[in-house]
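Read off the chains here:
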Amino acid sequence: MNSKNELSAQLASRNLLDKSHIDLTDEQVAFFQNNGYLSIPRITTDEEIEWLKGIYDELFTDRTGEAQGRYFDLAGPRAHNGQETLPQVLGPEAQFPELRETVYFQNAHRLAAKLLSVATENVNGGGHMILKPAYYGNETPWHQDEAYWNPEVLPHSLSVWLPLDKATLESGCLQFIPKSHKGEVRWHRHIDNDPLVHGLVTDDVDVSQAVACPIPAGGATFHHCRTLHYSAPNSTAAARRAYILVFGGPPQKLDKPAHRPWQKEEQEALAKLESLAAPNRVAS
Ligand code: NI
């Protein structure tokens, strides 16, 4: 038995585990719960970032899931033919289930549960990817994620935001309004006041309070589903690729649904678009 080799193999695998296992201090958890956001310099390995870039680029090049509504321009009207400024892929784990086995996914899941104070087995999540192309990537205007969601429940959720490229003010790192998660969901409207644009914006925000969180590729920011956040247009020569995971504990059913008329506006506009696109029925 070659115990020396065995020992070094064990040490090597432990080092690998140590390198990929990220934890949060009690101070970081308290900071998140008090401010509604948190920034950490690393959530996954450089090797995994390189691997993720390959999958990411394939999904965007192939416009994966476009026919099923899982690929669209967040900042442009549905099915527009112009240059895309904020393309998004929903649910990339459906195409690549191995994304759920990544160091990123596993760390994000465990840390999300810790920040939400919910047992990991009761926390579920999935991802989406938002690309800000070089030079012309649009801003992601101020919004709260909860404004997009089912008005019949009170979610207990957060987002984990991983950039695959260095996220700076100029390339579109996230910016937050501290403590905004403690207030209500603000009034939102569709970007350009066009209900066919999926992206939402709120005008009810004091931007002088904004805190920008630049992070390296492989770092992460966390934000509560009610935290106001924004990212600037990408004015750099490189794309800014972000892979976002949303995790939540069991939501609470509301007695009375929240009032979110912007959601109804979008549903009606989409229904109208579909009825216009449908072929005319031939009378029999
Ligand atoms: Ni958001």
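All of the points below concern the structure found in this document. None of the values given here were measured: they were computed from a predicted structure.

Relative to the helices and strands, Glu-48 resides in helix H3 (residues 46-61). An unpaired buried charge is present at Glu-48: no salt bridge exists, and Arg-42, the closest side chain of opposite charge, is 8.9 Å distant.

Tallied over the entire structure, the rule returns eight aromatic pairs. Here the aromatic rings of Tyr-56 and Phe-60 are separated by 4.7 Å at their centres, their planes lie at 25 degrees, and the arrangement is stacked. Separated by four residues within a single helix, Tyr-56 and Phe-60 lie in helix H3, roughly one turn from each other. Phe-60 matches Tyr-56 in its accessibility class, with the two residues each being buried. Grouping aromatic residues by their ring pairs yields a cluster made of Phe-31, Tyr-37 and Phe-176.

Right, let's talk about helix H2 (residues 26-35) for a bit. Of the positions making up H2, those classed as buried are Val-29, Phe-32 and Asn-35. Relative to the axis of H2, the buried residues are bounded by an arc of 155 degrees and lie together on one face. Opposite the buried face of H2, at more than 90 degrees from it, the exposed residues are Asp-26 and Glu-27. Backbone geometry just after H2 places Gly-36 at a positive phi near 85 degrees.

With that settled, consider the pattern of salt bridges. Counted according to the given criterion, the structure contains 12 salt bridges. With its nearest N and O atoms 3.0 Å apart, the salt bridge here joins Arg-63 to Glu-66. Arg-63 sits in the partly exposed class, given a relative accessible area of 32%. By relative accessible area, Glu-66 is classed as partly exposed at 38%. Taking the shortest distance from any N to any O, the salt bridge between Arg-226 and Glu-146 comes out at 2.7 Å. Taken together, the positions of Arg-226 in the loop between strand S11 (220-224) and strand S12 (229-231) and Glu-146 in the loop between strand S5 (140-143) and strand S6 (153-163) put the pair 80 residues apart, joining distant regions of the chain. One network of salt bridges, in which partners are shared, links Asp-57, Asp-165 and Arg-241.

Rules used throughout
Residues numbered from 1 in each chain as written. Predicted model: local features only at pLDDT ≥ 70, side-chain atom pairs only at ≥ 80, totals over all residues. Heavy atoms only, no water. Helix = DSSP H or I, 4+ residues; strand = E, 2+ residues; numbered from the N terminus. Buried < 20%, exposed > 50% of the residue type's maximum accessible area, 1.4 Å probe, protein only. Lys, Arg positive; Asp, Glu negative; His and termini not counted. Salt bridge = Lys/Arg side-chain N within 4 Å of Asp/Glu carboxyl O. Phe/Tyr/Trp six-rings, centres within 6.5 Å; stacked < 30°, edge-to-face > 60°. Arc of directions from axis to C-beta.

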